[in-house]
Structures are given as structure tokens and as C-alpha cells.
Amino acid sequence: MIERLSAWLTGLGYQWILLGAVLLLGVLLALFRASPRIRPVTGQLMVLSGMCVVTLIFYLLTFSLRVSKMAADSGCTARTIPRLWCFLMLLASAAAFVSILKKENRPDSAFGRWRLALGVAVGSIFSVVMFQFMGYYLSSAVFLVTVMWAMRERRWTYLVLTPVCWVAFTYLIFDRLLYIHLPMGALFSGR
Amino acid sequence: MTSLLQNLGMGFQTIAGVVPVVLILLGVCIGILGGAIPGISPSMAVALLLPITYTMSPTMAIVMLTGIYIGANYGGSITAVAINTPGTPSAAVTAFDGYPLVKLGRSGEAMGVSLWASVTGGIIGALILIFFSVPLSRAALKFWPSEYFALCLMGLTTVATLGGKNWQKALAACLFGLLLNTMGMDPVFSVKRFTFGVNRLYDGIKMVPVLIGLFALGEVLHNLEHYDPNAPGTDKLANYKMPGFSYYWKLRWSMIRAGLIGCIIGIFPGAGGTIASFLAYDAEKRLSKHPEEFGKGAPAGVAAAEASNSGSVGGAMVPMLTLGIPGSSTAAVLLSALMIHNLNPGAELFIREPGLVYGLFASMFVANALMALVGFFGSKLWVRVGGIPKTILYPLIFAFSILGSYSISRSLFDVGTCLVFGLIGWMFKKYDYPASPVVLGLVLGRLMELNFSQTLMVSGVAGFYTRPLTVTLFAISLLCLVYPVISARRRARKQRRE
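Residues numbered from 1 in each chain as written. Chains lettered and ligands numbered in written order. Predicted model: local features only at pLDDT ≥ 70, side-chain atom pairs only at ≥ 80, totals over all residues.

A. Representation of the overall build of chain B within the structure. Within chain B one finds 21 helices and two strands. A separation of at least 24 residues holds for 79% of the contacts in chain B among residues at least 6 apart in sequence. (Helix = DSSP H or I, 4+ residues; strand = E, 2+ residues; numbered from the N terminus. Contact = placed C-beta atoms within 7 Å.)

B. Layout of the overall build of chain A. When you go through chain A residue by residue, the secondary structure sums to nine helices and zero strands. Taken over the C-alpha trace, chain A has a radius of gyration of 24 Å; the compact-globule value for 191 residues is 16 Å, which it surpasses by more than 25%. Relative to its 191 residues, chain A shows a buried fraction of 28%. Within chain A, contacts between residues separated by at least 24 positions form 60% of all contacts whose residues are at least 6 apart in sequence. (Rg over C-alpha atoms; globule rule 2.2 N^0.38 Å. Buried ≥ 20, exposed ≤ 12 C-beta atoms within 10 Å, placed from the backbone.)

C. Spatial organisation of helix α2 (residues 18-36) of chain B. Its 19 residues place the ends of α2 of chain B 27 Å apart at the C-alpha level, agreeing with the 27 Å of an ideal helix rising 1.5 Å per residue. If you check which residues of α2 of chain B are buried, you get Pro-20, Leu-23, Ile-24, Gly-27, Val-28, Ile-30, Gly-31, Ile-32, Leu-33, Gly-34, Gly-35 and Ala-36 of chain B. (Expected span 1.5 Å × (residues − 1).)

D. Quick peek at the domain arrangement of chain A. When cut into domains, chain A gives domain 1 (2-101) and domain 2 (114-189). The C-alpha-based centres of domain 1 of chain A and domain 2 of chain A are spaced at 37 Å. (Domains from an automatic or database assignment.)

E. Fine view of helix α12 (residues 252-267) of chain B. For α12 of chain B, built from 16 residues, the straight-helix expectation of 22 Å at 1.5 Å per residue is met to within 8% by its first-to-last C-alpha distance of 23 Å. Taken as a whole, α12 of chain B has its buried residues at Ser-254, Met-255, Arg-257, Ala-258, Gly-259, Ile-261, Gly-262, Cys-263, Ile-264, Ile-265, Gly-266 and Ile-267 of chain B.

F. Here's a closer look at the packing of helix α2 (residues 14-34) of chain A against helix α3 (residues 42-62) of chain A. Residues and elements named next belong to chain A. Packing of α2 against α3 brings their axes to within 10 Å, and their N-to-C directions diverge by 145 degrees. For the pair α2 and α3, the crossing hand works out as right-handed. Seen from α2, the contacting residues are Ile-17, Ala-21, Leu-24, Leu-25, Leu-28, Leu-29, Phe-32 and Arg-33; seen from α3, they are Thr-42, Leu-45, Met-46, Ser-49, Gly-50, Val-53 and Ile-57. Grouping the amino acids of the contact of α2 with α3 by side-chain chemistry returns eleven nonpolar, three polar and one charged. (Axes fitted to C-alpha atoms, helices over the stretch in contact; angles between N-to-C directions. Left-handed = near helix turned anticlockwise from the far one by under 90°. Nonpolar A, V, L, I, M, F, W, Y, C, P; charged D, E, K, R; others polar.)

G. Structural context of unusual backbone geometry. Residue and element names in this part refer to chain B. In this structure, Ser-190 is a non-glycine residue whose phi angle is positive, near 55 degrees. Although it is not a glycine, Phe-196 sits at a positive phi angle of roughly 50 degrees. Along the chain, Phe-196 falls in the loop between β2 (192-193) and α10 (207-225). Phe-196 sits in the partly exposed class, given 17 other C-beta atoms within 10 Å.

H. Quick look at the packing of α2 of chain B against helix α4 (residues 58-83) of chain B. With their axes 6 Å apart at the nearest point, α2 of chain B and α4 of chain B run at an angle of 35 degrees to one another. The chirality of how α2 of chain B crosses α4 of chain B is right-handed.

I. Looking closely at the interface of chain A and chain B. Opposite the 63 residues of chain A that make contact, chain B presents 54 residues. Only α2, α3, α4 (69-74), α5 (80-101), α6 (114-134), α7 (136-150) and α8 (156-177) of chain A provide two or more residues apiece to the side of chain A that touches chain B. Among the elements that line the side of chain A that touches chain B, the one with the most residues is α5 of chain A, at eleven residues. Partitioned by chemical class, the residues of the side of chain A that touches chain B number 40 nonpolar, 17 polar and six charged.

J. The confidence of the model for chain A, seen in detail. The predicted model of chain A averages 87 in pLDDT, with 97% of residues at 70 or higher. Here helix α9 (residues 185-189) of chain A stands out as the element of chain A with the lowest mean pLDDT, 74, in contrast to α3 of chain A, whose mean of 94 is the highest. (pLDDT = per-residue confidence, 0-100.)

K. The arrangement of the nonpolar core in detail. Core analysis: the largest hydrophobic core is formed by 198 residues, its most contacted members being Leu-65, Ala-172, Leu-175, Ala-303 and Leu-334 of chain B. The greatest single-element share of this core, amounting to 16 residues, is contributed by α4 of chain B. Built from parts of two domains, this core gets at least three residues from each of domain 1 (2-101) and domain 2 (114-189) of chain A. Once residues lying within four places of it in the same chain are set aside, the contact partners of Leu-65 of chain B are Gly-27, Val-46, Leu-49, Leu-50, Thr-53, Leu-334 and Ala-337 of chain B. (Core = buried A, V, L, I, M, F, W, Y, C linked by C-beta atoms within 7 Å.)

L. Local environment of the environment of Leu-221 of chain B. Considering the arrangement of structural elements, one finds Leu-221 of chain B in helix α10. Of the residues examined, Leu-221 of chain B has 26 C-beta atoms within 10 Å and is grouped as buried. Note: C-alpha distance between Leu-221 of chain B and Leu-479 of chain B (258 residues apart in sequence) is 38 Å. Residues within four places of Leu-221 of chain B in sequence aside, it is in contact with Ala-117 and Ala-121 of chain A together with Gly-422 and Trp-426 of chain B.

M. Seen up close, the environment of Ala-141 of chain A. Residue and element names in this part refer to chain A. Assignment of secondary structure puts Ala-141 in helix α7. Sequence spacing of Ala-141 and Arg-152 is eleven residues, and the spatial spacing of their C-alpha atoms is 17 Å. In this structure, Ala-141 is in contact with Pro-163, Trp-166 and Val-167, ignoring residues within four places of it in sequence.

N. A look at the confidence of the model for chain B. When pLDDT is averaged across chain B, the result is 82; 90% of the residues are at 70 or more. Listed scores for the predicted complex are pTM 0.77 and ipTM 0.92.

O. A look at the environment of Thr-157 of chain A. Residues and elements named next belong to chain A. By the element assignment, Thr-157 lies in helix α8. Classification of Thr-157 as exposed rests on a count of 7 C-beta atoms within 10 Å. With 27 residues separating them along the chain, Thr-157 and Met-130 place their C-alpha atoms 25 Å apart.

Have a look at this one:
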């Protein structure tokens, strides 16, 4: 049964596994939020749950790992160590779970300007995606100006000089000195 | 002993001259710059400069490359201290206390301790390399896989001190790191594990993007969450001043202990400066009268991390020169440099090329002295980054992190890894999960698995309890793990009674 589940999981693309994990975490979040006792420590439990979900996925996937006869005879296979860590993770998570519930830790701190932080993180992902089209230099310059603007920087000298200096620094050090050629993007490479 | 000193004198004669000193200085400067840039590891810095040494004499080439190695190991700590972005994996431990010190407005102390601990550790490493290289390398080679495994387990016990009150969370984070380390090819049977059909994961998760993500991006995202555009600027860093000699003198035992630990760990092939830093930091915290200050800006923590990191350079050279076995990835590049110049490392090298060997030993002292000079004047420039307005600093750290993770293997996948771990680092910081145990798990995981499997294959489960040294190391590990928990409970019970 578990081998079949493992084989099915192995056959899935990582996008589906990720989606499944997010859904599972969503259900757990709803459960934690529903309990008044657990609500103040929901964030801490969600981080722990995230690690446990990864552990569960890894544990299930170990059943599909190839085992050679030589490995089986030696008593140690490619499955041994991941399972050992999974087992120990189960114990450690249980200990952490009890400790959080017993309120040995502080309650979760409230979210501050999380939209700004998340926006910068998403912006950086967008900037990385744009490397292939706009090239590294233009993309990073746009990213820098955007983040500075989002942080309410309005001095135009800073807004202009920072990306210009950054582009000059990266070009001189990485491209000219270290021969690490950064992506030029379709826009500049003519592809 | 007399002949050793005579040979060392000959070594100093070999490198006495403008050209060798300029080459060492150049190597140290390039190393510091390379180490300070996240994504340029010491091994990469040495490898990048290797081609320009082809036309040099073997001695000049090796002393210059060694200068890079020494400089890069220190350079990693500059950005770790100034902006919480470790330039090298081994500098991650320096950031634990270096960056909090900077945040407390004690940047001069942080930079000074980091510099002088590096120099002290480097000199200790060089001394041990000179006087004990042959017997130490023989002893290290007698270690069985079970002893390596027990040594790694001892490294893992640092979780108990890294976690402090949150030791359960630290343990879970460490196991998470160990589990993530199992991704990629299994080191013994070459079985593909947890790659999810992504070819880039065949080599597992790369260390540097994870480090940059967890520490630098995690910190910046956390700071952005609490960013207040109307908050007054800080001039804490404007008062940057390195402390006087008496300040460092108080930390002498921390530096010496850590330098020795670093050098000894460095001798073991595959162990390296990162493990050495963790172990030395842990030892220092356990021995400290104020362990609660560690992680919040303890100068002894910075001293331990940096001295052990630099001490590991000398350690890594011991098996490289005497047996031809590199103690670290950078030592492996140096080994290839020796071979490119038609030199075969081993006992014969000491007889056939004494000028080169002792010139190299002498150059390590010169490189450390030059590093002290360059670091003393250069760190004043570096530490000013803390005085840059946050509206410039935070976006630049982001851009630096993306660039650093990209430049390792010119892969956008690494950048993605860095960003994912940045988000993880943010959540860890927000909910009081220490990030350093994840790194510890990632550092030790592969070595542990390899030696665990080898022990089982060679001697079965009995391999773990039949060798006295293994059992001793296991016992020490258990003691290290249990002692902080028991002492914390005792303290709590005592407080309740009072």
C-alpha cells in the first residue's frame, strides 16, 4: 500500500507535490486558527508543520528509492539515513509541539509591514525572471529603484546614483575582473 | 629542532624580497575581496587566480595562492559582521555574534576581534603546520569512518547550545537541515533521491545560496517588515573605533583555544573550516561565564569563530603537504597548483624542495601580518556600509545576495534557492526558530551519511561500539547534549524554589 502511494508520489511533478503540501498546510492553518488555545502560537506551529510536511513527503518517497542487492546485504541502503532523520524529526517535532503548546515560548509576534517585505521578495523573483529578457544589468537597476521607491526614498540623486554605481560595480568586478558574465538578456544579445 | 629552525630561516630568505612580498600582498588583497563577496568561496578565488601563476616559479605561485586562501578565509567575515551576509560558509558562525555587535553600535569591536582572531588563528595554524605536520597527519589517517561519524555527531551537539531555551525548535531545525542534505545523489550508492525530476537537484542543495538566503535575505525581509520610514537614522557606526591591545588580550584564551580546535579539525579531510567554527563556537559558549550573551553580541563568539576558521587553513595544509590529501576544497585547488608545477606532495617534497616548503611556511606568517595591516585599514571602509541609509542598504543587500548566489554556478536555480531560503529565514526569525542549526545539518549531513554507511558496510552495527575512540566520542557527544538540558532544568527548579 505505502509502496504504491510512494510510486504515485514519485510520478507526480514537483508542482503537484508543492500544491498538495500548500493545501495540507492550509487545512492545518484553519484547524490551528479554530482553537482559541492554539491561535496565539499558530505561526510557530505552522513553521513546525511546514518542516513536518517536508519530512512526510521525504519519508513516503523513500519507499521508491532503488535498493541494490549489495546495499541490502550490507544493511545500509539509500533509504537508511533519510528514514533515520525522519524518525528523529518526528521525535523532535513532538517535543517542540509540546513545548509550544505548554507556552514555554513567547506567543507569535504580530505582523508588521509584511506587504512591503513580501512585495520585495516577489519583486526580486520577478527581477530574476526578467534576467532572460532585459538582462541582469537593466533588471537589477529597475529592481533597485523600485524597492527604494517602495521604501519611500524620494531623493532623485540616490535613486539615480545607486543603480548606476551598482551596475558599474557588478560590470567591472564580475564581468571584467572575474570573467563571470552576467546574463545580457534577449533584449541586448539579439536572440 | 635546530634543523627545523634553520630550514624556517631558509624559508624566510626565500621569500625575502620585493616580488614575493608584493605577490603575497596581492594574494591577501584579492583573497579578502573574494571572500567578502558572497558567492566567491576561497576555493573559487584560488582557482580563478590559478592560471596567472603558470608562468611564475613554483614557490612564488604557491605563496601567492596561499595568500589568497588566508585572505579569503578572513574576507568572508567582513560582510558577515557588517551586513549579516557571510561571504563564505565558515563565516556564518562569525555572523552569529558579529552582526549583533554591529547592531549594538560596537562595530569597531566586532571588526577588530574578527581581524585579530583571524590573525591569531592563522599563526597558530601555521605553527602547528610547521612543528607537528607529520605526526598529526598520521594520527588523522588512523581515524575510522565510525570515528568520523562520532566526530560529526559531536558537531551536531552544538545544537543544544545554539538553541538555548528553544532547544526543541533548534533540534527540529537541525534535523530539517540534515533531511534537506539527503537531496541529490546518495554519496555511497549513487541513487537519485528527492530530486522531483529537477536535474539541478542531482548535486543536492548548494550551501552558499542557502546561507545567503537564511541569513542575509531572512534578516532584510524581517527588517523590511519592521521598517519605519520616519525613524531617525543611526549614527552608531559613525563612532567606529577599534579597541586597544588590552581588549584583545582579554580574549587571548578564546582565540588560542579556537585556533587549536580549528587547526585540529582542519587536518581531517572533508571536515573544513565551517565545522571547525561551529565546534569552536560551541566550546567557547560552554566555557564562558556568560553563555547567555552568545548570539546577542559576545566578542568571544566572534573570536572563536574567526580564530578556528583561520586555524583550519594551517590544518588543511597538514595532510596536503605530507600525504597529498587535501584537508579542504581550497587545499585541493592548492594541491592541483603544486601538481601543475610538477611537484608531488608527500614526505619527498620536504627533502627535494625544502625552499618551497619552508618558503610556504614562512609566507603564512607574512600573509597573516599583511592581512592584519590590510584588515586594519580596510575594515574602516567596510564597516561604513552600516551607516548607509536603509533605503539604499536593504535593496543593495538584496541585489548582492541575488548576484552572489548566481555567480557560484551561473544558475538561476541557485538564485531561486536563495530566495526560497530567504523566505524560510524570515519565518524562522519571526517565530524564534534559530537558522544556524539548519546550516549545521547541511554542513554535516553528507559527511555523516558517508561515514555511517561505510561503518555499517565494513563492520556492521558493531563498528559503532567496538572501537574505544568511537565510544569515547559518542560518550562526549551524549554528555554535551544532555548537560545543558539538565543544567537548565536544575536552574529552573532552583529559581522556582527561591
